[in-house]
Amino acid sequence: MNEEAPDVVGAWAHSYEEDTDAVAVYRPDDFAFRPSRRPRRGMEFHSDGTFVEWLPGPDDRPRKIVGHWERQGADRIRITFPGGPGQPFVLTVVSRENDQLAFAK
């Protein structure tokens, strides 16, 4: 069975309000989120394989960490940070629908 990989290219912000015990939900970074005191994590998947992770810094302003992403099958994405401060990790895509991207926790 040749399963098509979901398109993840774009900039995504964590919609933690929609998370479940099993799934972390992301929305496009221009999504109309309700105001929140909690800073949002973000991810950017560029078509050239560049990955950008946005993490809250000590003063809650976003801190940018640049790495690389590559597919490992239809639903797995490996993230690496060659020579950078980030630790490699793997994401498992649960679903990709219009304005929602969900990863397994």
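Just so you know, these numbers come straight off a predicted model, no measurement behind them. (Residues numbered from 1 in each chain as written. Predicted model: local features only at pLDDT ≥ 70, side-chain atom pairs only at ≥ 80, totals over all residues. Heavy atoms only, no water.)

(A) Molecular detail of the overall build of the protein chain. Across its full length, the protein chain holds 0 helices and 8 strands. Sequence-ordered secondary structure for the protein chain, helices as α and strands as β, is β-β-β-β-β-β-β-β. Taken against the 2.2 N^0.38 rule, which gives 13 Å for 105 residues, the C-alpha radius of gyration of the protein chain at 14 Å falls within 12% of a compact globule. Across its three principal directions, the C-alpha atoms of the protein chain cover 45 × 35 × 25 Å. Taken over 105 residues, the protein chain has a buried fraction of 37%. Put simply, 38% of the contacts in the protein chain that link residues at least 6 apart link residues at least 24 apart. (Helix = DSSP H or I, 4+ residues; strand = E, 2+ residues; numbered from the N terminus. Rg over C-alpha atoms; globule rule 2.2 N^0.38 Å. Buried < 20%, exposed > 50% of the residue type's maximum accessible area, 1.4 Å probe, protein only. Contact = heavy atoms within 4.5 Å.)

(B) Expanded view of the nonpolar core. Phe 45, Ile 77, Ile 79 and Phe 103 are the most contacted members of the largest nonpolar core, which totals 17 residues. Looking at this core, the elements with two or more residues in it are strand E2 (23-28), strand E3 (42-45), strand E4 (50-56), strand E5 (62-71), strand E6 (76-80), strand E7 (89-97) and strand E8 (100-104). (Core = buried A, V, L, I, M, F, W, Y, C linked by side-chain atoms within 4.5 Å.)

(C) Up close: the side chain of His 14. Note that His 14 resides in strand E1 (residues 10-14). Beyond its immediate sequence surroundings of up to four residues, His 14 is in contact with Asp 19, Ala 24, Val 25, Tyr 26, Phe 33, Arg 40 and Arg 41.

(D) Representation of the sheet that holds E5. Taken together, the 8 strands give a closed barrel; going around it, the order is E1-E2-E8-E7-E6-E5-E4-E3, and neighbouring strands pair in antiparallel fashion. If you compare each strand with its neighbour and ignore which way they point, the axes differ by 35 degrees on average. Pairing analysis gives 4 bridges linking E7 to E8, with the strands arranged antiparallel. Of the residues in E8, the one forming a bridge with Glu 97 is Gln 100. (Pairing = 2+ DSSP bridges. Axes fitted to C-alpha atoms, helices over the stretch in contact; angles between N-to-C directions.)

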